Amino acid sequence: MTSYTLKEHKVKHVSQVPANEGIEVELPVREYNGTQGDDRQPVLMLHGRSVPALPGFDLAPVPGENPTRYSWAQELAKAGFDVFIMDLQGSGRSPRPMMDVPCNANPAQQAPVLVPNPLPEPCTPPPPYPYQLGNSQSEWAEVKSVVKHIRSLADANKPIHFVGWSAAAFVMGPYALQHPEDVRSLFLLAPMFPPKGRWSEKPDDPFGLPEEAVDNLPLPGFPMHVSSKTGFQAALTGPAALWEPGIAELAWEACMQNDHEGSKWGPRVNGGEPEGVLRYRNTYWWGWNNHTVPLMRENKYVLGGRVPVLILYGQNDRTANTTTPMPDNLNFSVPALYKAIAGSKKLMFCFEESGHSLVWETVAEAIHHFSKHWLKNGKVEGLGSGSYFRELDGNLIHLP
């Protein structure tokens, strides 16, 4: 087992978020370098919509013989990879412009989550900052700054393995399509994919602004969503066999440790310390749908061609797989993403009984195992393409 070192980076970036556009900010990036010698094998891990990067990818230590068993990042570092974990603005340890004002929270969430602490009553709309916070352009730019930083390291100037959970697909997928030279492979865990999602509808400029946003960015709305501890943990329900006792509590505590302000909000426990509130950005995504995923560059498919893709999701994931009629932008399907990837270098596994938060389920060990083999060999259990169902005992069944 490889030893590894920890380093915290502060990546300078000129913000493209409308709320602080043009201001230089620092994006915190945690590195676990398990690469031996001078030949780094870089991996970049990106969070989804609501859970910050460190609770999702670096939940440690936890009680037991292997205290890093829920730290995907440290397990990859042990396997000899140089792992970088980043937060976009509006999440985790990164800047959160306009998010320290409680009245900027989603008006529908204020009464159940923010009253009576920090608000005595819901605010009168509209919010003080009446716009959505980030957008695809601002988030692609933040990833680009971190990629440049990683590739600027003397022994890491090479394409990077991308690993993303949930809504990270909205960012990493289009980024790979636009900058395949930066991306060695793409591993998407429980990816969000709307087959009929927003795009510019211009074949010659597929990642340009959608028509509704051309003269109206930032779009009206609010910059921040909030969730209570009860709401957060209710979303983690699943078979008892897939959840160790206490893991949901540790995940919440880790989220609070990554949010100095949000940890002071919410009801007070037995009249004492606040329970905390999970704060996360309200952002506007585009460029990730059935029209963009099959794009080619230099007569070669990007996804599944220049950039091999591994997809992994849970059988009972109702977040990434919509089960009731929804608007096109909110109608999600993981199998539809697999189908849309036109290149042949694509591999997908559906995990029996798992949900959306696989990083904290007992199957985390299997996910780490799959990712190590994928990043080293481009294969999992000797398989380089195809769709499979993974039973609880690890047996794989090929799907048509």
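Everything here concerns the structure above.
Along each chain, residues carry numbers from 1 onward, in the same order as the chain's sequence is written. In view of the model being predicted, local features appear only for residues whose pLDDT reaches at least 70, and side-chain atom pairs are presented and counted only at 80 or more, with totals across whole chains, interfaces and linings using the full set of residues. For the side-chain quantities, the full set of heavy atoms in the structure was used; hydrogens and water were omitted.

**Structural notes on the overall build of the protein chain**
Along the protein chain, the regular secondary structure elements total 9 helices and 16 strands. In terms of overall dimensions, the protein chain is globule-like: its C-alpha atoms have a radius of gyration of 20 Å, near the 21 Å expected for 400 residues. Counting contacts in the protein chain only where the partners sit at least 6 residues apart, residues at least 24 apart contribute 74% of the total. Residue exposure ignores everything except the shown protein chains as possible cover, and the areas themselves are Shrake-Rupley values with a 1.4 Å probe. Element-wise, carbon and sulfur atoms account for 51% of the exposed surface of the protein chain, whose accessible area totals about 16500 Å². Distance from the positive charge centre (34 side chains) to the negative charge centre (42 side chains) of the protein chain: 5 Å. Comment: elements are numbered from the N terminus, with helices defined as DSSP H or I runs of at least four residues and strands as E runs of at least two. Only C-alpha atoms enter the radius of gyration; for comparison, a globular chain is expected to reach 2.2 Å times N to the power 0.38, where N is the number of residues. The contact rule is simple, with two residues in contact once any of their heavy atoms fall within 4.5 Å. A positive count includes Lys and Arg, and a negative count includes Asp and Glu. His and the chain ends are not counted in either. By convention, the point assigned to a charge is CZ for Arg, NZ for Lys, CD for Glu and CG for Asp.

**Some details on the state of the cysteines**
Formally, a disulfide is one covalent bond, and it connects the sulfur atom of one cysteine to the sulfur atom of another. Cysteine sulfurs are considered disulfide-paired once they come within 2.5 Å of each other. In total, this model carries 1 disulfide according to the counting rule given. A disulfide bridge connects Cys-103 with Cys-123, and the sulfur atoms are separated by 1.9 Å. Disulfide Cys-103-Cys-123: the torsion about the S-S bond is -70°, which places it as left-handed. In this pair, Cys-103 sits in the loop between strand 4 (82-86) and helix 3 (107-114) while Cys-123 sits in the loop between helix 3 and strand 5 (134-135), placing the two residues 20 residues apart along the sequence. A relative accessible area of 23% means that Cys-103 is categorised as partly exposed. Working definition: with a 1.4 Å probe on protein chains only, accessible area under 20% of the residue-type maximum means buried, over 50% means exposed, and in between means partly exposed.

**A few points about the packing of aromatic side chains**
Classification of ring pairs rests on two measures: the distance between centres of Phe, Tyr or Trp rings, Trp counted by its six-membered ring, which must be within 6.5 Å, and the angle between planes, read as stacked under 30 degrees, edge-to-face over 60 and tilted in between. If you walk through the whole model with that rule in mind, you get 17 aromatic pairs. Between the aromatic rings of Trp-140 and Trp-286, the centroid separation amounts to 5.9 Å while the plane-to-plane angle is 75°, which identifies the pairing as edge-to-face. With Trp-140 in helix 4 (residues 136-152) and Trp-286 in the loop between strand 10 (283-284) and strand 11 (296-297), this residue pair connects regions lying 146 residues apart in the sequence. Both residues of the pair, Trp-140 and Trp-286, belong to the buried class. Judged by centre distance (5.2 Å) and plane angle (55°), the rings of Phe-232 and Trp-252 are tilted. Taken together, the positions of Phe-232 in helix 6 (residues 229-234) and Trp-252 in helix 7 (residues 247-257) put the pair 20 residues apart, joining distant regions of the chain.

**Some details on the side chain of Asp-58**
Within the secondary structure, Asp-58 sits in the loop between helix 1 (53-57) and helix 2 (72-78). A distance of 2.6 Å separates the side chain of Asp-58 from the side chain of Tyr-32, its partner in a polar contact. Here Asp-58 is in contact with Arg-30, Tyr-32, Ala-53, Ser-71, Gln-74 and Ile-85, once residues within four sequence places are set aside. In protein, a polar contact means a hydrogen-donor-capable atom and an acceptor-capable atom, both N or O and within 3.5 Å, with residues adjacent in sequence counting only if both atoms are side-chain atoms; elsewhere, any N or O pair within 3.5 Å suffices.

**Some thoughts on the pairing of strand 3 (residues 42-46)**
Taken across its 5 residues, strand 3 has 5 buried, putting it largely inside the fold. Every second residue of strand 3 is oriented toward a common face, with Pro-42, Leu-44 and Leu-46 on one face and Val-43 and Met-45 on the other, all of them buried. At least two DSSP bridges between two strands are needed for those strands to be called paired. Looking at chain direction, strand 3 and strand 4 are connected through 5 bridges and run parallel. Counterpart to Leu-44 in the pairing with strand 4 is Phe-84.

**Notes on the sheet that holds strand 4**
Hydrogen bonds between backbone groups are what pair the strands of a sheet, and the pairing can be parallel or antiparallel. The mixed open sheet is built from 10 strands, whose spatial order is 1-2-4-3-6-7-13-14-15-16. This sheet does not close on itself; its edge strands, each paired only once, are strand 1 (5-14) and strand 16 (396-399). Each strand of the sheet is rotated relative to its neighbour by a mean of 20°, with strand direction disregarded. Two strands pair when backbone bridges link them, and strand 6 (residues 160-165) and strand 7 (residues 183-189) are joined in this way by 6 bridges, in the parallel orientation. Its bridge partner being in strand 7, Trp-165 is matched across the sheet by Leu-189. Packing against the sheet, helix 5 (residues 169-178) makes contact with strand 3, strand 6 and strand 7, and its axis sits at approximately 155° to strand 7. Whenever a helix is involved, its axis is fitted only over the stretch in contact; in every case the axis is a line through C-alpha atoms, and angles between N-to-C directions fall within 0 to 180 degrees. Helix 9 (residues 364-377) rests against strand 3, strand 6, strand 7, strand 13 (309-314), strand 14 (346-351) and strand 15 (386-390) of the sheet, and its axis sits at about 160° to strand 7.

**Quick notes on unusual backbone geometry**
Residue Pro-126 is bonded to the preceding Pro-125 through a cis peptide linkage, with omega at 0°. With respect to the helices and strands, the residue Pro-126 is situated in the loop between helix 3 and strand 5. Along the chain, Leu-217 connects to Pro-218 via a cis peptide bond; the corresponding omega equals 10°. If you trace the backbone, Pro-218 turns up in the loop between strand 7 and strand 8 (224-227).

**Focus: helix 4**
An ideal rise of 1.5 Å per residue puts 24 Å on 17 residues; helix 4 measures up with 24 Å between its terminal C-alpha atoms. Along helix 4, the residues classified as buried are Ser-136, Ser-138, Glu-139, Trp-140, Ala-141, Glu-142, Val-143, Ser-145, Val-146, Val-147 and Ile-150. The opening residue of helix 4, the one whose side-chain oxygen lies 3.0 Å from the backbone nitrogen of Gln-137, is Asn-135. By this rule the span expected of a helix is its residue count minus one, scaled by 1.5 Å.

**Some details on the packing of helix 4 against helix 5**
Relative orientation of the contacting elements helix 4 and helix 5 amounts to 70°, with a least axis distance of 10 Å. Taken together, the axes of helix 4 and helix 5 are roughly perpendicular relative to one another. Of the two possible hands of crossing, helix 4 and helix 5 adopt the one that is right-handed. Contacts between helix 4 and helix 5 pair Glu-139, Trp-140, Val-143, Lys-144 and Val-147 from the former with Phe-170, Val-171, Pro-174, Tyr-175 and Gln-178 from the latter. In this classification, the charged set is Asp, Glu, Lys and Arg, the nonpolar set is Ala, Val, Leu, Ile, Met, Phe, Trp, Tyr, Cys and Pro, and all remaining amino acids, among them Gly, are polar. The residue makeup of the contact of helix 4 with helix 5, split by class, is 7 nonpolar, 1 polar and 2 charged. In what follows, roughly perpendicular refers to angles from 65 to 115 degrees, roughly parallel to angles under 35, roughly antiparallel to angles over 145, and oblique to any angle outside these ranges. By definition, turning the near helix anticlockwise from the far helix through less than a right angle yields a left-handed crossing, and turning it clockwise yields a right-handed one.

**What to know about the nonpolar core**
Residues belong to a common nonpolar core when they are buried Ala, Val, Leu, Ile, Met, Phe, Trp, Tyr or Cys residues joined through side-chain atoms within 4.5 Å. By size, the foremost hydrophobic cluster in this structure holds 56 residues, and its most contacted members are Leu-44, Val-143, Phe-162, Trp-288 and Leu-303. If one sorts the elements of this core by residue count, helix 5 sits on top with 7 residues. Phe-57, Val-363, Phe-370 and Val-380 belong to the second-largest nonpolar core, a separate cluster that totals 52 residues.

**Some words on the pattern of salt bridges**
Two side chains that carry opposite charge are able to pair once their charged atoms sit near each other. When a carboxyl oxygen of Asp or Glu is within 4 Å of a side-chain nitrogen of Lys or Arg, the pair counts as a salt bridge. Applying the stated criterion to the full structure yields 19 salt bridges. Between Lys-372 and Glu-75 there is a salt bridge; the shortest N-O distance is 3.9 Å. Taken together, the residues Lys-372 in helix 9 and Glu-75 in helix 2 connect sequence positions 297 residues apart. Judged by its relative accessible area of 8%, Glu-75 falls in the buried class. Across the pair Arg-281 and Glu-139 runs a salt bridge, and its minimum N-O distance is 2.6 Å. A residue pair is termed long-range when its members are at least 10 positions apart, and Arg-281 in strand 9 (residues 278-281) and Glu-139 in helix 4 qualify at 142 residues. For the pair shown, Arg-281 and Glu-139 are each scored as buried. Each of Glu-8, Arg-30, Asp-58 and Arg-93 takes part in one network of salt bridges that share partners.

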